[in-house]
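Examining the three-dimensional arrangement
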Amino acid sequence: MVDVLVYTKSYCPYCRWAKELLSAKGVKFQEINVERNSATELKMRKESGRDTVPQIFIDGKSRGGFEDIADLDRAGKLDELLGIRSIGGGLEDSPTESLVILGSGAAGLTAAIYAARANLNPLVIDGLQPGGQLTITTDVENYPGFPGGVMGPELMDLFRKQAERFGTRIIYGEVTGTDFRRRPLELKMGDGKTLRTRALIVATGATAKWLGIPGEAPAPAGYGGRGVSACATCDGAFFKNQVVAVAGGGDTAMEEANFLTRFVSQLILIHRRDKFRASKIMQDRVLKNPKVRVRWNTEVTEVLGNGKTMTGIRLKSTAGAAEEIMECHGFFVAIGHQPNTAAFRGQLDLDDAGYIKTKSGSTRTGVPGVFAAGDVADRIYRQAVTAAGTGCMAALDAERYLEEIAHG
Ligand SMILES: Cc1cc2nc3c(=O)[nH]c(=O)nc-3n(C[C@H](O)[C@H](O)[C@H](O)COP(=O)(O)OP(=O)(O)OC[C@H]3O[C@@H](n4cnc5c(N)ncnc54)[C@H](O)[C@@H]3O)c2cc1C
């Protein structure tokens, strides 16, 4: 039996995903919440060399955060470290599914609610972010039905419970490749197994983009987890009374910046143009905040540090001014998202930004039996309610398709 220890905080989606990944593998672990215990937090920082949660230790050895153990899982090395042979519940030998739904965000779980109520017995593949993007945000004030607002993770828990109530099966796992020339459709899973299904709803959403600059990568290669982050709600509290920079000019950047001002002494918002792309209401909220200073026409070209933690960032003017170094303790990258469509390249029609193309007015893709819903097929609206709406449409489209093929 291996000894697994997870350092966490109460409100931390990455902690939750790490725990879900371990639980899905049937691993028992000890959890230490460092929130109100500075001694244990110090111990965690000392032993892991990082200042973000979660931090996972397997048999006393630091294995990093959620992304690190997910990478180990993708490479097929995590099971070995955990002393288990394989996961997946014998999917390879399981019968062909009627309907598989990829993703458990607002789109995937809404599709599951509709499909389960239509007796399609859907199987949802969780992916590496159970609950999707809303699990990394705090207050959701624009989802109908919650006049007082709702916390993102709580909302997604409700979606999940509602889907499970009607018999949806949800499993942890990731699809890494697909073969849509075959019938049934074939899905290659991250653990090497193959899953077959008559119909498929792709609701894989989008993930945060990085700048790709030196010093940005996760530790030990860079200062990721040691000052650099893409999740203010997870890591903001580590920067109490400190100076923090945020890169970006869209809604994501405004939301991250606004949230961080709850903790930091000063927030520098860095944008490479002379105006933001964000919606006016979000811009106004940030620009009126006395803690925020904006650096227009400026790019971040490097994250600097002393080998242990980051100490600042290198800035380059896009308007011809001299290069400079800005001292700061934290740096949040908030430049938007990339549709999660790598597994469908060459199989589905994608637009130039990688979003799945659907036939107008429906969720049908160019491949019969494959439907797309939510942010993965929506470069314009990208909201929880639109994702849920298209999730519903995809389930109804899939139901009709399955009826058609059943009746020849
Ligand atoms: C910080 C932040 C705040 C936001 N605030 C709001 C708000 O207040 N109101 C609002 O309406 N919207 C908000 N949004 C937008 C909203 O979160 C998205 O529009 C919504 O989550 C999209 O849902 P989705 O189901 O399409 O995708 P996602 O939520 O991105 O879910 C994608 C799912 O697919 C899974 N997946 C990915 N790849 C694979 C794979 N290869 N195999 C299997 N599964 C996979 C993931 O694990 C995840 O479960 C916010 C977004 C962010 C980032």
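None of the values given here were measured: they were computed from a predicted structure. (Residues numbered from 1 in each chain as written. Predicted model: local features only at pLDDT ≥ 70, side-chain atom pairs only at ≥ 80, totals over all residues.)

As assigned here, the chain comprises domain 1 (4-81), domain 2 (92-208 + 337-406) and domain 3 (228-333). In this structure, domain 1 and domain 3 have C-alpha centres spaced 27 Å apart. A breakdown of the residues in the side of domain 1 that touches domain 3 according to their chemical character gives four nonpolar, one polar and one charged. (Domains from an automatic or database assignment. Nonpolar A, V, L, I, M, F, W, Y, C, P; charged D, E, K, R; others polar.)

Taken together, 39 residues sit near the ligand, with Gly105, Gly127, Gly132, Gly205 and Gly374 positioned nearest. Contributing elements (two or more residues each) for the shell around the ligand: α5 (106-117), α8 (251-260) and α10 (384-406). The residue makeup of the shell around the ligand, split by class, is 18 nonpolar, 16 polar and five charged. (Near = placed C-beta within 6 Å. Helix = DSSP H or I, 4+ residues; strand = E, 2+ residues; numbered from the N terminus.)

Ala111, Ile201, Val202 and Ala373 are the most contacted members of the largest nonpolar core, which totals 49 residues. Those elements that place two or more of their residues in this core are β5 (97-102), α5, β6 (123-125), α6 (152-165), β11 (185-189), β12 (194-202), β23 (370-372) and α10. The element contributing the most residues to this core is α5, with nine residues. In this structure, Ala278, Val303, Leu315 and Cys328 belong to the second largest nonpolar core, which totals 33 residues. (Core = buried A, V, L, I, M, F, W, Y, C linked by C-beta atoms within 7 Å. Buried ≥ 20, exposed ≤ 12 C-beta atoms within 10 Å, placed from the backbone.)

This part takes up the sheet that holds strand β21 (residues 330-333). Here we have five strands laid out as an open sheet, ordered β14-β21-β15-β16-β17, and parallel in their pairing. Taken across any chain shown, the strands that pair with only one partner, and hence form the sheet edges, are β14 (228-229) and β17 (292-295). The sheet contact formed by strand β15 (residues 243-247) and β21 spans four bridges and is parallel. Bridging from a neighbouring strand, Ala245 pairs with Phe331 of β21. (Pairing = 2+ DSSP bridges.)

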